[in-house]
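Reading the structure
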Amino acid sequence: MAEAALLGLCPRCGERSLFDGWLAFAGKCKACGLDLSRFNVGDGPAALVTLAVGAITVGLAIWLQLSVEPPWWVHVLLWVPLTLALVIGGLRTTKAFLLISEYRNDAREAGSKGI
């Protein structure tokens, strides 16, 4: 399941068709036609990734400042691209993981009869 989440693989057929763009899910799988719009991963991945990436980058920035005391522009050159890469990569992975988990566990909204 980790490989599927990292690569954005369809939970039904295994094709690389989970995403349509950087972070948006495709409406349906291009290979098998699985309706991906029925899954709702919510805002959980965004909160988790934001907190984790924030803690990591702030901790590293403080360590660097106390150890080496670089000029401010070194912080900008290091932390802005690293933060963006970690957030986008982390969101893709966590969103895919939750969607695949919903598919494999046949999860539905509370009170629904099924699809």
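Residues numbered from 1 in each chain as written. Predicted model: local features only at pLDDT ≥ 70, side-chain atom pairs only at ≥ 80, totals over all residues. Heavy atoms only, no water.

Let's talk about the overall build of the protein chain
Our working definition: For the purposes of this entry, the term helix denotes a DSSP run of H or I that reaches at least four residues, the term strand denotes a run of E that reaches at least two, and both are numbered from the N terminus. Only the C-alpha atoms count toward the radius of gyration. The rule for a globule is 2.2 Å times the residue count to the power 0.38. Only protein chains enter the accessibility calculation, which uses a 1.4 Å probe; a residue whose area is less than 20% of its type maximum is buried, one above 50% is exposed, and one in between is partly exposed. Should any heavy atoms of two residues lie within 4.5 Å, those residues are counted as being in contact.
When you go through the protein chain residue by residue, the secondary structure sums to 3 helices and 0 strands. Listing every helix and strand of the protein chain by position from the N terminus yields α-α-α. Compactness check: the protein chain gives a C-alpha radius of gyration of 18 Å against a globular reference of 13 Å for 115 residues, more than 25% above the reference. With respect to the three principal axes, the spread of C-alpha positions in the protein chain is 60 × 30 × 20 Å. Across the 115 residues of the protein chain, 30% fall into the buried class. By sequence separation, contacts in the protein chain at least 24 residues apart represent 54% of the contacts at least 6 residues apart.

Some details on the packing of aromatic side chains
Under the convention used in this document: Geometry of aromatic contacts follows a simple scheme: Phe, Tyr and Trp rings, the Trp one being its six-membered ring, pair when their centres are within 6.5 Å, and the pair is stacked under 30 degrees between planes, edge-to-face over 60, tilted otherwise. Comment: the charge-over-ring label is applied if NZ (Lys) or CZ (Arg) is within 6 Å of the ring centre and within 35 degrees of the ring normal.
This model, assessed by the stated rule, comprises 2 aromatic pairs. Between phenylalanine 19 and phenylalanine 25, the ring centres sit 5.2 Å apart and the planes meet at 20°, which makes this aromatic pair stacked. Taking the relative accessible area as the measure of exposure, phenylalanine 19 reaches 11% and is therefore buried. Aromatic side chains phenylalanine 39 and tyrosine 103 sit 6.2 Å apart centroid to centroid with 65° between the ring planes, which places their arrangement in the edge-to-face category. Of this pair, phenylalanine 39 sits in the loop between helix H1 (2–7) and helix H2 (44–68) while tyrosine 103 sits in helix H3 (residues 72–104), and the two are 64 residues apart along the sequence. You can call tyrosine 103 partly exposed: its relative accessible area is 23%. If you follow lysine 95 out to its NZ or CZ, it ends over the ring of phenylalanine 25, 5.0 Å from the centre.

Some details on unusual backbone geometry
Of note, the phi angle at glutamate 69 is positive, near 55°, even though the residue is not glycine. Here glutamate 69 is to be found in the loop between H2 and H3. When its relative accessible area of 60% is taken as the criterion, glutamate 69 is described as exposed.

Some points on the packing of H2 against H3
Threshold: Axis lines are fitted through C-alpha atoms, for helices just across the contact stretch, and the angle between N-to-C directions can take any value from 0 to 180 degrees. Throughout this description, any angle smaller than 35 degrees is read as roughly parallel, any larger than 145 degrees as roughly antiparallel, any in the 65 to 115 degree range as roughly perpendicular, and the remainder as oblique. Handedness of each helix crossing follows the sense of rotation of the near helix against the far helix: counterclockwise by less than a right angle gives left-handed, clockwise gives right-handed. Under the grouping applied here, Gly and all other residues not named as nonpolar or charged are polar, the nonpolar ones being Ala, Val, Leu, Ile, Met, Phe, Trp, Tyr, Cys and Pro and the charged ones Asp, Glu, Lys and Arg.
One can describe the packing of H2 onto H3 by two numbers: an axis separation of 9 Å at closest approach and a directional angle of 155°. By the angle between their axes, H2 is roughly antiparallel relative to H3. Helix-helix and strand crossings are classified by hand; for H2 and H3 the assignment is right-handed. Of the residues in H3, those in contact with Pro45, Ala46, Leu48, Val49, Val53, Thr57, Leu60, Ala61, Leu64 and Gln65 of H2 are His75, Leu78, Trp79, Leu82, Thr83, Leu86, Val87, Gly90, Leu91, Thr94, Lys95 and Leu98. For the contact of H2 with H3, the residue count by class is 15 nonpolar, 6 polar and 1 charged.

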